[in-house]
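Here are the chains, one letter per residue:
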Amino acid sequence: KKIPALGGRTPLQAVADPDGKEMVEALLLGWERNFEGPQMPGTIRPDIDALRRLLNLPVAIGTVIH
């Protein structure tokens with residue numbers, strides 16, 4: 001889906017250029033930080049690594065992104 005924060009582009013469209021890729025990375029990092037630490041019971045955590053693989057972005061291994 002098109003995302004306003006990405007200039008109305010889809011994530012796949014955005015990662016095609018360096019600025020868009022940086023914006024997608026920032027959104028994913030923010031999402032990861034939002035789900036760090038303990039969560040309320042029943043909270044669904046998104047699989048950010050799966051999103052990174054779909055977008056052909058580096059995947060986090062432990063605390064390091066490769």
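Just above sits the structure.
Residues numbered from 1 in each chain as written. Predicted model: local features only at pLDDT ≥ 70, side-chain atom pairs only at ≥ 80, totals over all residues. Heavy atoms only, no water.

Attention shifts here to the pattern of salt bridges. For the structure shown, the criterion picks out 3 salt bridges. A salt bridge links D17 to R9, with the nearest nitrogen and oxygen atoms 2.5 Å apart. For D17, a relative accessible area of 25% gives the class partly exposed. E32 serves as the salt-bridge partner of R52, at 3.5 Å between the closest nitrogen and oxygen. (Salt bridge = Lys/Arg side-chain N within 4 Å of Asp/Glu carboxyl O. Buried < 20%, exposed > 50% of the residue type's maximum accessible area, 1.4 Å probe, protein only.)

Turn by turn, an α-helix covers 3.6 residues, leaving residues three or four places apart pointing in a common direction. When the terminal C-alpha atoms of helix α2 (residues 18-34) are compared, their 24 Å separation across 17 residues agrees well with the 24 Å that a helix rising 1.5 Å per residue should span. Looking only at α2, the buried set comprises G20, V24, E25 and L28. In an axial view of α2, the angular spread of the buried residues amounts to 140 degrees, which keeps them on one side of the axis. Along α2, the residues that are exposed and aim more than 90 degrees away from the buried face are P18, D19, E22 and R33. For α2, the N-terminal cap is D17; the gap from its side-chain oxygen to the backbone nitrogen of D19 is 3.1 Å. (Helix = DSSP H or I, 4+ residues; strand = E, 2+ residues; numbered from the N terminus. Expected span 1.5 Å × (residues − 1). Arc of directions from axis to C-beta. Polar contact = N/O pair within 3.5 Å; in protein donor to acceptor, adjacent residues only side chain to side chain.)

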